[in-house]
Amino acid sequence: MDIKKYWKSYGELEQTPEYLQETAGEFSEELPLEEVLTENTLGLSANRRDFLKVFGFSLSAATLAACTDAPVRKAIPFVEMPEQLSPSIANYFASSYFDGHEYASVLVKTREGRPIKVDGNNLSPISKGAASARVQASVLSLYDTQRAKDPMKKGQVISWDELDKEVMALLASAKSIRLVSHSIISPTAQAAITNFIGKYPTARHISYDTVSASGILEANQASFGKPLVPSYKFDAADVIVGINCDFLGNWISPVEFTKDYSKNRRISAENPKLSRHIQFESMLSLTGSNADSRSVFKPTQEGLVVANLYNKIASLTGAATVNAEAFEVAGKGIEAAARELVAAKGKALVVSGSNDANVQILVNGINQMLGSYGTTIDWSRPYLTRQGMDASLQGLIDEMKAGQVDVVILADVNPIYELPQGAAIKEAMAKVATVVCFNGKVDESAALATYHAPNHHYLESWGDAQPKVGIYSLSQPAISPIFNTRNWVESLVKFTTGNAVDAYDLLRGTWSALHRASGSVMGFEAFWRSTLHNGVLEVSASGTASFAGNVAAAASGLMKASAGEELFLYEKLSLGTGNQANNPWLQEMPDPLTRCTWDNYLTISKKFADQQNLKDGDHVKVEANGYSVEVPVLILPGQMANVFGLAVGYGRTAAGKAADGVGVNAYPFATVVGGKRHMMAAGVKVTKTGGFTQLALTQTHHTIEGRDLVKETTFEEYLKNKTAGNIRPHIAVRQEDGSFKKQAPATIKIWEGHEYNGHKWAMAIDLNACTGCGACVVACQAENNVPVVGKDEVIRRREMHWIRIDRYFSYDNGYAVETKLEHNEETHKAEKHQHVVKTGITKEKDYASIKDYENIDVVFQPVMCMQCNNAPCETVCPVLATTHSEEGLNQMTYNRCVGTRYCANNCPYKVRRFNWFNYFHNEKFYLNPSQTDLGKMVLNPDVTVRSRGVMEKCTFCVQRIQGGKLEAKRAGKRPEDGAIKTACQQTCPADAIVFGDVNDVNSEVHKLFKNERSYAMLEEINVQPSVNYLVKVRNRKSVQA
Amino acid sequence: MKNDIPLTETPICMNRKPLAKIFASITGLVLMAGAVMFGSSAQAQPDGKAIYEANCVACHKIDADLVGPALKGVTERLDEAYLIKWIRNSQSVINSGDKYANDLYKKWNNVQMPAFDLSDDEIKAVLAHIKAESAAAAAPAASAAAGASTGTTAVAAEEKGVLDNKVFLYTVITLGAVILLLLVFIQTRLKGVLDSKVSAGEVDLDKLEDRSVKFKLSPLQRLGLIMGSLAFGFVAFYAYAYNNIGMQQGYAPKQPIAFSHELHAGQHQIACTYCHTGAERGKSATIPSVNVCMNCHNQIKKDAPEIKKIWSAWENKKPIEWIRIHNLPDFAYFNHAQHYKVAGIECQKCHGPIQEMKVVAQHAPLTMGWCIDCHRETKIDANNGYYKAVHAKNPKFKDGVTIGQMGGLECSKCHY
């Protein structure tokens, strides 16, 4: 059986001269001796010639130091120790995160009163213990030194009293007040807004969502009479079809969807069930890259795809079809999808990310035909996180333009940046007499405010949320406000009543009503305490809806497909809508698909690149919808030659030092039709400008020269043979008689090996569950004090992430029926014979013939230190800084390391990272958050901050292992399976990472190591890694002969 | 981390004397043994003593008034049922209008004794202990002196250690002096013999001098020798200096408040964890917050000058800035709960005879060698259910296995 070939970039696929040159050397460039020697850490400016002087200085300094007394260090206890707070013991507080886009119920870990980590709350039915990269990174945004620090009037600091007095006077005399916010899911904030409008009857509340779901809301209003987004049950669906819908990445509630979706992907012999996922999309999304089958179309063909899918299903189920131009994607994907959906009726689900109400009505019609309502779509708990209607936003813009608005209050929104109408809003806002802004930063919109009453960070404030009907959660402060800020709800109530209130009291007011409604048998105090502890409250909710949409009308109102080149706007997993753009963790997080950091770029197809003679980083000018930018290009498979992708969230101008000037703002490209915002543009002109930007790509770093690293099979093969695709290598060993004998690598030993009599820590990673979302990368960064190195250093391949998610592309490994003429031995005649042949591209020569840059398979593989039993790094360390533990850990002792980097050179998995600089002190790395006193607060005090010149790598979160063992010893029992979790495992929304003691026969990881799909990466070199992977299984139908 | 701390901040102490260290560690061991024995014999006492020490000693003494009255003979003065009621909730007894209780309450400035949630048996055990202690206090000298004797012996042992040390040094110096005198005497005698031989013409001095030429050095050689010796001196000095960087053994800074462990932990026998609450639960043993001091000192010795400092801190809500004595480097992880709670190690093992210290000094060197030595010698608690469950099949796991043998010397146990 041939092994499918995987590749990381087109350069690698085609073995271009540039690629070969880039990967020829062991290191990407010369050693930075000059820089290291001139590094300004000793307070001296030195060059190489001064090296000896510095050396001499250090010697004499040591002499001097050796003669002085110890410095006096203070130990300052509290005057009055707060209840339950003890130094060195972590406290956890349940809270809620909602940035107007993504909701999460979180658990905030605090040490000595400062939040250091945010994780998902496992009691929440939405977060289920997981958290996305952005939610986790929000703890760093708390310590952003560029947050708004004081209330201001036209850029001048004023007191809160002055601000309140002046704003209240203006409000009292205002003829027309508009309060603008994102969707309000907080019952307390909603009550405050209602009261505000009651006090000022000229006030109106307008809410919008940065990435609008207005199309779904309008469609559901028309179809069901409910302007809401229902709950989707991806775990109940056997066949899932997504149409430009990144539900695993950014759509509505991605973490919740990933949790559900992955349930049917973690296939095992006991539960050999695998959902089938078909994706139609315009550019490669995270969701599409996880799909079993994937087809591409142009953004404006969205309506055609949906209408044709509707018609195919309608004709299969005997329902009436709608008038639509016939359309089919390559490989008759729509027809195949329709058949499969109908076959899985009642267990099928179709979702679309379109913001066109007509498209969504047709999608509702499809789901109605498939019997999805009540099975895979649940109307009892619709989402409240998307409430913004595009029409009302447009109304506001028109009003402001006409000068009809006196006071605009911006409640934590940044419309000038995050809306395609930003420029128009900026113009219109100039006609508004008073702009009051609650934003937490002096951002693009707040800069224009007359009064700026800065809001707390969510980790500083009391609050609540109702993300879904009947599902509530509380927010509680995990730290006192760092700056002179005020909860915006408090500000609004102050403006309403003139009295200062505490958000805590407001909250208890709301919740005492909720307590009565919940029918809780507890008294209010007990109810309050238990809810605050759990963070979440579920009250029963019911609701059904019957479909009454006019699909025929919808079909006739669809947007027309355009002929020219089109632009698709998308959100990255890292920055999302860009509200946390000044977060260096997110900026440096590699995009799962492009593996690019610190930039946005125009994704183009290989075909277009060849036509225009473009290579990665070449600048192009993009023009559409009366807006243009110059932006570097990046070649990405999986999109058509006339479709381009551009991420929003970049190009900030007033977000802070990490964000400003990084990338370009893509929001203005969005098409606005009658106020409705579509994240796409037709009639795009892309022209080469001749400029060039080096993109900080990590995709070719740590490359492993095409060795057999990822393994996959098809579901069909798996059902026949549970070990399908799990091809184990053998070593041919020369025997005494000169013949060769196949032997398992483990039988050939050059090491003596280790005995593990107690614990043996190990990890299993299911390649079939991992969606590649990158939440683990940020989790690890927060847990292990991994520094941010900045774009330049990433280009030099010196990123410090301890866990990377390798992304491999490959071509379809399916089967096809081929007809051949064959010679019949008996009749001596040529006869036609049908053969099943594998179409999987396996050989170098086959690549030359490939011109298909649209259909591509993707595999994600998280790679961290494998904690090898026969670790090659350990044998080469001259100072024994890396040694083996009796529990199977490959220990890294920083204070012993002298930085020879032999270990990194000898590591077959390329997981070791070297501290080229003192990232925490060297001013060159000013983007590293720990350079400021405030940024240092986020550091985990249980993990050493590494200095220049030492090697580091994944430790399997040894601080958590040691902590877990201590708890077990205190309790006098074995640590329970799952009690010790690594940071990456804890946060994984797909539960793809399982860590535990493989010596404990009852542990999950022990079972997974016994799984037929389990394999060790590079088994042939017999380093015996402690991390095993589980073969990816694609649910792909093979052609029957 | 290395290079992370500017060199001038590196804590340095040069007071380690290798010889003294050996003696100190020997005496320290004797001391430890004493402390462990003392500790374990204390554990063997009936519950009453433990409960008494955990709950009562903060305010009561047997033979002297403290926050509350002296307890000597209380079991004779009052009947048991009354005392149980009183201990469990003194306020209810006072509220019941009981005259004795109200008089007592008034006499002690209306300081309320907190309620203790103890069972009848536990209170009875405490009363029995008080009774026994009262009797002991009544009997002149005998048992009270015996109780403290272990401590004094330990101190004597250490002083003796220092003494031995000095005697050894004097002996060496005396011996050296004797040898020197002897050598001078021999040299004089030999010179005398030589002179007599020369004058007698038996020896030709010129020839002798010729031979001595061999030992003459050229200027270059002389320079080399000087440079060599200097280099050796430097290397030796640096080896010594680097070996001592970060060592603060014996560091006993003057604290902002002259708090005496000798008084609190020694005389009043307040349990260490009464103040250092973190020792049972976490990495840090914690230095008590001012409110812990105020538990007692809102009554006791309010007017003493040092106590007034606590009051000032309390009233101004200004924390007391203690000088930190034990400074482990950031790259070494140490957890008090692991050692105190799990391993059951006495505080004194690392902190020395803290109950004797008027001013706390760093007892242990806190070097890695010192940590490792203890891990090599100390046996694990084989009765801990954790070891029984995890290491059941481990051939190394047998009686008397040390921490070191069970992986306690591995880097990642302390460095991550």
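Every value quoted in this text rests on a predicted model; they were computed, and no experiment measured them.

About the thresholds
- Residues numbered from 1 in each chain as written.
- Chains lettered and ligands numbered in written order.
- Predicted model: local features only at pLDDT ≥ 70, side-chain atom pairs only at ≥ 80, totals over all residues.
- Domains from an automatic or database assignment.
- Contact = placed C-beta atoms within 7 Å.
- Helix = DSSP H or I, 4+ residues; strand = E, 2+ residues; numbered from the N terminus.
- Nonpolar A, V, L, I, M, F, W, Y, C, P; charged D, E, K, R; others polar.
- Pairing = 2+ DSSP bridges.
- Buried ≥ 20, exposed ≤ 12 C-beta atoms within 10 Å, placed from the backbone.
- pLDDT = per-residue confidence, 0-100.
- Axes fitted to C-alpha atoms, helices over the stretch in contact; angles between N-to-C directions.
- Parallel < 35°, antiparallel > 145°, perpendicular 65-115°, else oblique.
- Left-handed = near helix turned anticlockwise from the far one by under 90°.

Enquirer: Explain the domain arrangement of chain B to me, and be specific about the residues and the numbers.
Expert: A common measure of how large an interface is: the accessible area buried when the components associate. When cut into domains, chain B gives domain 1 (56-138) and domain 2 (367-416). Each of domain 1 of chain B and domain 2 of chain B was reduced to a C-alpha centroid, and the two centroids are 45 Å apart.

Enquirer: Provide a residue-level description of the interface of chain B and chain A, including the pertinent values.
Expert: Tallying the contact residues gives 62 residues for chain B and 51 residues for chain A. Of all the secondary structure elements, the ones that give two or more residues to the side of chain B that touches chain A are α13 (290-297), α14 (305-316), β1 (322-323), α15 (336-342) and α18 (385-390) of chain B. Classifying every residue of the side of chain B that touches chain A by side-chain character gives 27 nonpolar, 21 polar and 14 charged. With 2 bridges connecting them, strand β1 (residues 74-75) of chain A and β1 of chain B associate as antiparallel partners. When the bridges of β1 of chain B are listed, A75 of chain A appears paired with W322 of chain B.

Enquirer: Tell me about the environment of V733 of chain A, and name the residues and values.
Expert: Inspection of the secondary structure puts V733 of chain A in strand β33 (residues 731-734). Note: C-alpha distance between V733 of chain A and C897 of chain A (164 residues apart in sequence) is 38 Å.

Enquirer: Go over unusual backbone geometry with me, naming the residues and quoting the values.
Expert: In this structure, R595 of chain A takes a positive phi of about 60 degrees despite not being glycine. Structurally, R595 of chain A can be placed in the loop between α21 (584-588) and β22 (596-597). Of note in this structure, K301 of chain B is not a glycine but carries a positive phi near 50 degrees. Inspection of the secondary structure puts K301 of chain B in the loop between α13 and α14. We classify K301 of chain B as partly exposed; it has 13 C-beta atoms within 10 Å.

Enquirer: Please provide a residue-by-residue account of the confidence of the model for chain A, values included.
Expert: Residue and element names in this part refer to chain A. Confidence in the prediction for chain A averages 86 pLDDT; 90% of positions are at 70 or higher. Of all secondary-structure elements in chain A, the lowest mean pLDDT belongs to helix α26 (residues 844-848), at 51, while strand β35 (residues 761-766) reaches the highest, 95. Throughout residues 40-46 the model reports pLDDT below 50, and contacts reaching past four residues in sequence, or to other chains, amount to 11 contacts.

Enquirer: Kindly report on the pairing of β35 of chain A, identifying the contributing residues and their values.
Expert: Successive residues of a regular strand alternate their side chains across the two faces of the sheet. Residues and elements named next belong to chain A. In terms of burial, β35 is largely enclosed, as 6 of its 6 residues are buried. Burial along β35 is two-sided: W761, M763 and I765 facing one way and A762, A764 and D766 facing the other are all buried. Here β35 pairs with strand β44 (residues 993-997) via 5 bridges, running antiparallel. Among the inter-strand pairings, A762 is bridged to a residue of β44, identified as G996. Across 4 bridges, the pairing between β35 and strand β46 (residues 1027-1030) is parallel. Residue pairing in the sheet places A764 in a bridge with N1028 of β46.

Enquirer: Pulling in residues and values, what's your account of the sheet that holds strand β10 (residues 239-243) of chain A?
Expert: All names here are of chain A. Strand order in the open sheet formed by 4 strands is β12-β11-β10-β13, and the pairing between neighbours is parallel. Two strands close off the open sheet at either side, each with one partner strand: β12 (293-296) and β13 (348-352). Taken over all neighbouring pairs, the strand axes of this sheet differ in orientation by 10 degrees on average, direction set aside.

Enquirer: Talk me through the sheet that holds strand β2 (residues 91-98) of chain A; I want residue IDs and the actual numbers.
Expert: The strands making up a sheet associate through hydrogen bonds between their backbones, and the pairing can be parallel or antiparallel. All names here are of chain A. Sheet architecture is open: 3 strands sit in the order β2-β3-β4, paired in antiparallel fashion. Of all strands in the sheet, those with a lone pairing partner are β2 and β4 (114-120), marking the two edges. Averaged over neighbouring strand pairs, the angle between their axes works out to 35 degrees when direction is ignored. As judged from the 8 bridges shared by β2 and strand β3 (residues 103-111), these two strands associate in the antiparallel manner. By the bridge assignment, S95 is partnered in β3 with V106. Relative to β4, helix α5 (residues 133-142) is tilted by about 165 degrees, and along the sheet it contacts β2, β3 and β4.

Enquirer: Tell me what's going on with the packing of helix α8 (residues 214-224) of chain A against helix α13 (residues 357-369) of chain A, and back it up with residues and numbers.
Expert: Residues and elements named next belong to chain A. Two numbers describe how α8 lies on α13: the axes approach to 8 Å, and their chain directions differ by 55 degrees. As the angle between them shows, α8 and α13 are arranged oblique. Crossing handedness for the pair α8 and α13: right-handed. Between α8 and α13, the contacting residues are G215, I216, E218, A219, A222 and S223 on the first element and A357, V359, Q360, I361 and N364 on the second. Within the contact of α8 with α13, the residues separate by chemical class into 6 nonpolar, 4 polar and 1 charged.

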